[in-house]
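Listed below are the residues making up each chain.
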Amino acid sequence: MAGHFDIVVIGSGAGGATLAQRLAPTGKRILILERGEHVPREAENWSPKAVFIQHRYRTQEKWFDKAGHPFTPNTHYWVGGNTTFYGAALLRLRNRDFDETRHSGGVSPAWPISLTDLAPYYMEAERLWQVHGARGDDPTENGDEPPYAYPPIRHDPGVALLKTHWENQGWKPFSLPVAIRLDEQNPVTSTCIKCKTCGGYPCLLRAKCDARTVAVAPLLDLPNVTLLTGRKAVRLETDPAGKTVTEVVCETEHGEERWSGDIVVAAAGAVNTAVLLLNSASTAHPNGLANGSDQVGRNYMFHTLTAMVSLTAEHSEILFPKTLAVNDFYWRDPRGGFDYPMGHIQLLEYMTGQTLEGEVSDWLPPALVPDSLANAAASRMLSMLVISEDLPAPGNRVRTTPDGRIHLDYEHNNLEGHERLVKTLRESLNDFTEHTHPISQHHFQFDSLLPLYGTAHQAGTVRFGQDPKSSVLDPWCKAHELDNLYVVDTSFFVTSAAVNPTLTTVANAMRVGDHLKERLGARTAAA
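Conventions and cut-offs
Residues numbered from 1 in each chain as written. Predicted model: local features only at pLDDT ≥ 70, side-chain atom pairs only at ≥ 80, totals over all residues. Heavy atoms only, no water. Helix = DSSP H or I, 4+ residues; strand = E, 2+ residues; numbered from the N terminus. Buried < 20%, exposed > 50% of the residue type's maximum accessible area, 1.4 Å probe, protein only. Contact = heavy atoms within 4.5 Å. Areas by Shrake-Rupley, 256 points an atom, 1.4 Å probe, with all protein chains shown as cover. Pairing = 2+ DSSP bridges. Patch = residues over 30% accessible without salt bridge, like charges linked within 9 Å, V, L, I, M, F, W, Y side chains within 5 Å. Salt bridge = Lys/Arg side-chain N within 4 Å of Asp/Glu carboxyl O. Axes fitted to C-alpha atoms, helices over the stretch in contact; angles between N-to-C directions. Polar contact = N/O pair within 3.5 Å; in protein donor to acceptor, adjacent residues only side chain to side chain. pLDDT = per-residue confidence, 0-100. Phe/Tyr/Trp six-rings, centres within 6.5 Å; stacked < 30°, edge-to-face > 60°. Lys NZ or Arg CZ within 6 Å of the ring centre and 35° of its normal. Left-handed = near helix turned anticlockwise from the far one by under 90°. Nonpolar A, V, L, I, M, F, W, Y, C, P; charged D, E, K, R; others polar.

Enquirer: Can you explain the overall build of the chain? Please cite residues and give values.
Expert: Helix and strand counts for the chain stand at 10 helices and 21 strands. Here the chain holds 527 residues, and 61% of them are scored as buried. Contacts spanning at least 24 positions in sequence make up 73% of the contacts within the chain whose residues lie at least 6 apart. Working note: accessible area of the chain is about 20500 Å², and carbon and sulfur atoms make up 51% of it.

What follows is the structure, given as structure tokens:
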């Protein structure tokens, strides 16, 4: 099978699906190649056991760490990509995130674009993805951001109490921007019901705004857009000069397929896009496609993440906790003594007993955790995530081997600010002991730095920049060395910043889409 399209997009996640959505009104013929299938709508969508213990939807493939040890990455190959399973927190990068910034562990380099370039697309993405939030409470905001189109989500009683507790310490907690189809004024007709199965699950009600519901679903009936599932892109072939991608080679259950397009866009994820380019080495590109800079696969980042769990003596009144965040320590410690960035804090989703069992299953088999103990812990648990920036490092990289293995060489860096923030969060909870409310009874915390298999925030392996010697893509996310190859997943990130990357991926895909409209001479829809 073979066919030619105006645009071929590899991957249907936040970047690929958004780009296709942006270009669809032009009438150009668009092909989306997705290695996965549509997530089945089934009862297991809401099953903690199926999702977190049986890993029903997670890939079973093995990657290998720096020492050659295999691990199963926490990644998902379905229509909509990992956004189908994400926690729907959509935050903008802060203004200074685009500038060179000194950290205690080194320098975070500048991006080739600024917040000004992305601001209008951030605004559009927030509206399209129905982000619920409140302006003016986050101390790191620029101050000129427009109001959110959707109001902030109400805090559950236990979360509201925690918010007051932090405010009494001088902190400025704010409403976490979350992308869900929620109407709290009209709960009977609201698509979202604020259930316990949001982050980590595919939403059975399609109430979570993700790539499959926001970007892919509106394209399925369009005559100029074709989505083909079960197509894993394994190689890109070029003309003899190596200047133009001529074919996308896919593996399918029926054998090899080849597709071609005037424009080819890779959006398979930061690891798999790098793998695709590395595996496309040729005479014209002996080190891998578009890799004259030797930067393809390098500078892998996935945030420095610590999950902290606080257990209380009594049951807590918290069913939808992911509504609160803290940025007071994003750039420095306001108390003094540390003038480097520390990071971001946000509350995590509700955890059932089986969710908890699944989260620790990589080092403690669920069979050894009694359900009664896990359920009792979950009903008394408040979970938080500390996110800090890991710095791009050439040695943190994706590699491939002749036998097809994916190697992920990674060492944590820039840990001082992160460790300080974890300690600060832990100490902030020590006196959370007002006894008039269940969540504030005597409690203890435990925390853990997320290991390599936690690949949800992967970024940076095909970064963009002005200089072809130190970057793979130009500022429009076109490969420096090829005329028709673009990349719009998180590969293009120069730095990881310290907030969730999805909103920036969506906004950038919109930006690149508008650039391609001009390049293709298709600013208005076809008649």
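Enquirer: Can you tell me about the pairing of strand β19 (residues 406–409), naming the residues and giving the values?
Expert: Burial along β19 is two-sided: Ile 406 and Leu 408 facing one way and His 407 and Asp 409 facing the other are all buried. One ladder, built from two bridges, connects strand β3 (residues 63–65) with β19; its direction is parallel. Bridged to Phe 64 within β19 is His 407. Across four bridges, the pairing between strand β18 (residues 397–400) and β19 is antiparallel. Each residue of the ladder has a partner; that of Arg 397, found in β19, is Asp 409. Between β18 and β19, which follow one another and run antiparallel, lie five residues, and Gly 404 among them has a positive phi close to 90°.

Enquirer: Which residues make up a nonpolar patch on the surface, and what values go with them?
Expert: On the surface, Trp 46, Ile 193 and Leu 205 cluster together to form a nonpolar patch covering roughly 250 Å² of accessible area. Here Leu 205 lies in the loop between β9 (178–179) and α5 (211–216).

Enquirer: Give me the sheet that holds β19: which residues, what numbers.
Expert: If you walk across this open sheet you meet the four strands as β4-β3-β19-β18, and the pairing is mixed. Each having just a single partner strand, β4 (70–71) and β18 make up the two edges of the open sheet. Of the strands in this sheet, β3, β18 and β19 are in contact with helix α6 (residues 270–278), which crosses β18 at around 45°.

Enquirer: So what's going on with unusual backbone geometry? Residues and values would help.
Expert: Unusually for a residue other than glycine, Ala 290 sits at a positive phi of about 65°. Tracing the backbone shows Ala 290 in the loop between α6 and β14 (304–312). Here Ala 290 falls in the buried class, since its relative accessible area comes to 2%. At Ala 497, a position not held by glycine, the phi torsion is positive, near 50°. By the secondary structure assignment, Ala 497 is in the loop between β21 (485–487) and α10 (502–520).

Enquirer: Outline the side chain of Asp 156, listing residues and values.
Expert: Here Asp 156 is to be found in the loop between β7 (131–132) and α4 (157–168). Here Phe 320 takes part through its backbone nitrogen, which lies 2.7 Å from a polar atom of the side chain of Asp 156. Apart from residues lying up to four places away in sequence, Asp 156 is in contact with Lys 194, Glu 317, Ile 318, Leu 319, Phe 320 and Pro 321.

Enquirer: So, the pattern of salt bridges: which residues are in play, and what are the values?
Expert: In this structure the tally under the stated criterion is 25 salt bridges. Between Arg 94 and Asp 138 there is a salt bridge, with the nearest N and O atoms lying 2.5 Å from each other. Taken as a pair, Arg 94 in the loop between β4 and β5 (101–103) and Asp 138 in the loop between β7 and α4 lie far apart in primary sequence, 44 residues in all. When sorted by exposure, Arg 94 lands in the same class as Asp 138, which is buried. Each of the salt bridges in this network shares a partner with another, and the network as a whole consists of Arg 235, Glu 237, Glu 247, Glu 256 and Arg 258.

Enquirer: Tell me what's going on with the pairing of strand β11 (residues 232–238), and back it up with residues and numbers.
Expert: Here β11 pairs with strand β12 (residues 245–252) via six bridges, running antiparallel. Its bridge partner being in β12, Leu 236 is matched across the sheet by Val 248. Here β11 folds back onto β12 in antiparallel fashion, the turn holding six residues, of which Gly 242 has a positive phi close to 75°.

Enquirer: Pulling in residues and values, what's your account of the confidence of the model for the chain?
Expert: Taken over all residues, the pLDDT of the chain has a mean of 90, while the share at 70 or more is 89%. In this model, residues 434–444 is a region of pLDDT below 50 whose contacts with residues beyond four sequence positions or in other chains number 36 contacts.

Enquirer: How would you explain the packing of aromatic side chains if you had to name every residue and give the values?
Expert: Working definition: an aromatic ring pair is given by the centre-to-centre distance plus the angle between the planes. In the structure shown here, the tally under the stated rule is 18 aromatic pairs. Each ring, one from Tyr 300 and one from Phe 302, has its centre 5.9 Å from the other, and the planes form 25°; the classification is stacked. Per residue, the accessibility class of Tyr 300 equals that of Phe 302, and both read buried. Pairwise contacts between aromatic rings join Phe 98, Trp 111, Phe 464, Phe 492 and Phe 493 into one cluster. One Lys or Arg, Arg 35, reaches over the ring of Tyr 77 and ends 3.6 Å from the middle of that ring. Sitting over the ring of Tyr 148, Arg 135 keeps its end group 3.7 Å from the ring centre.

Enquirer: With reference to specific residues and values, describe the packing of helix α1 (residues 14–23) against α10.
Expert: The geometry of α1 relative to α10 is characterised by a closest axis approach of 8 Å and an angle of 35° between their N-to-C directions. Viewed along their axes, α1 and α10 form a crossing whose handedness is right-handed. Contact residues: α1 offers Ala 14, Gly 15, Thr 18, Leu 19, Arg 22 and Leu 23, while α10 offers Thr 502, Thr 505, Val 506, Ala 509, Met 510, Val 512, Gly 513, Asp 514, Leu 516 and Lys 517. The class makeup of the residues in the contact of α1 with α10 is eight nonpolar, five polar and three charged.

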